[in-house]
Structure formats: structure tokens, C-alpha cells
Amino acid sequence: MGGRRRNPYELTQETPVYVISVAAQLSGLHPQTLRQYDRLGLVSPDRTAGRGRRYSARDIELLRQVQQLSQTEGINLAGIKRIIELENQVAALQARVADLEGALDGAAATMRQREAAVHASYRRDLVPYQEVQQTSALVVWRPKRQQQSD
């Protein structure tokens, strides 16, 4: 969300607004089934101060997914719980990877800026060194003889 403040009255997928009877109706399940799923930790709705359950749109979606996995795929509730846990873990890891990629991109940009600053600070009056090419010419050096005084 960055530095942007969210409107406290804005409804999102995570906003807990549905009481158990409405959530049961929206998901096509019996309220007792929702209570059982809550006890098993499959779908954990928020609680009011009086301990009443409040379901979000995401919870309703998850309830439908649990029902579909149970009825259509024949997966038992323990298996469904493990699937949900793994999906949550994958989502958390994907978010972490995205955060690390952002940090890496920022560090790379900072490094490029610092490298450019270093290059800009080079003295322009220096002549770049060029390697002397090897030749087969022979140079003989003869020192000058000093005159001896008698």
C-alpha cells in the first residue's frame, strides 16, 4: 500500500461483514458446517467483541473452495487444511520474492548511481595508459664515459 492511507470505510475482500447465517447462504453451506470448518481451522472468520463470527468475501470464496474440494475432488478435511496451508505459504513466499526483487532493483539502481558518480569524478587531465607494443628492434645503450682528470 506504500504511503497511501486507505479509507477506513472502504470495503475490501478482507473486510469482515457477513454474519454466519448470511455467509452460510452465500456459500451454500449449513451454518453448522461453517462452525465445524472454523473449529478445524479451515476457514477462520474474524470475531466481534461479543465473539460472533464475521465472514469476509474472501472467507466466502474459501468456503466454496473447501466445499468444492470436499465434494467434487473427494479430498478429506485434513487434506483440504493442508492444501490451504500450502497455498497460503506459497502466497507468502511469492510476496517475499516480490519484496526481495524490489529491494534488489533498488540496490542495483543505487549501485549504478554511485558508479556513475565515481566515473564523473575522474580527473580529465590524466592521459589513459596504453600498452606499448612489443617490437623486435634491438636498442643498445651505451653510457657516456666520464673524463678522468689527472
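Residues numbered from 1 in each chain as written. Predicted model: local features only at pLDDT ≥ 70, side-chain atom pairs only at ≥ 80, totals over all residues. Heavy atoms only, no water.

K.L.:
When you look at the overall build of the protein in this model, what are you seeing that I'm missing?
P.N.:
Helix and strand counts for the protein come out as four helices and two strands. Taken from N to C terminus, the helices and strands of the protein fall in the order α-α-β-β-α-α. Radius of gyration (C-alpha) of the protein: 36 Å, far over the 15 Å computed for a compact globule of 150 residues. Principal axes of the C-alpha set define a box for the protein whose edges measure 125 × 40 × 25 Å. Every one of the 150 residues in the protein was classed for burial, and the buried ones make up 15%. In the protein, 51% of the contacts between residues at least 6 apart in sequence involve partners at least 24 apart. For the protein, the exposed area adds up to about 12,900 Å²; of that, 52% sits on carbon and sulfur atoms. (Helix = DSSP H or I, 4+ residues; strand = E, 2+ residues; numbered from the N terminus. Rg over C-alpha atoms; globule rule 2.2 N^0.38 Å. Buried < 20%, exposed > 50% of the residue type's maximum accessible area, 1.4 Å probe, protein only. Contact = heavy atoms within 4.5 Å. Areas by Shrake-Rupley, 256 points an atom, 1.4 Å probe, with all protein chains shown as cover.)

K.L.:
Where do I start with unusual backbone geometry in this structure?
P.N.:
Excluding glycine, residues mostly have negative phi values, and the peptide bonds linking residues are mostly trans. Unlike most non-glycine residues, Arg51 shows phi in positive territory, near 75°. By the secondary structure assignment, Arg51 is in the loop between β1 (46–47) and β2 (53–54).

K.L.:
I keep staring at the nonpolar core and nothing clicks. Help me out?
P.N.:
Considering soluble globular proteins, one finds that nonpolar side chains tend to be buried as a cluster. Membership of the largest hydrophobic core comes to 16 residues, with the highest contact counts inside it found for Leu34, Leu42, Val43, Tyr55, Leu63 and Val66. Taken together, the elements giving at least two residues each to this core come down to α1 (20–27), α2 (31–40), α3 (57–71) and α4 (77–120). The biggest single contributor to this core is α3, with five residues. If sequence neighbours within four positions are ignored, Val43 has contacts with Tyr37, Asp38, Tyr55, Asp59, Leu62, Leu63 and Val66. (Core = buried A, V, L, I, M, F, W, Y, C linked by side-chain atoms within 4.5 Å.)

K.L.:
Would you mind showing me how to read the packing of α1 against α2 here?
P.N.:
Pairs of packed helices are described in terms of their axes, by the angle between the two and the distance that separates them. At a minimum axis distance of 8 Å, the contact between α1 and α2 shows a crossing angle of 100°. Put simply, α1 runs roughly perpendicular to α2. Residues Ile20, Ala23, Ala24 and Ser27 of α1 touch α2, and the partners they reach there are Pro31, Leu34 and Arg35. Of the residues belonging to the contact of α1 with α2, the class tally is five nonpolar, one polar and one charged. (Axes fitted to C-alpha atoms, helices over the stretch in contact; angles between N-to-C directions. Parallel < 35°, antiparallel > 145°, perpendicular 65-115°, else oblique. Nonpolar A, V, L, I, M, F, W, Y, C, P; charged D, E, K, R; others polar.)

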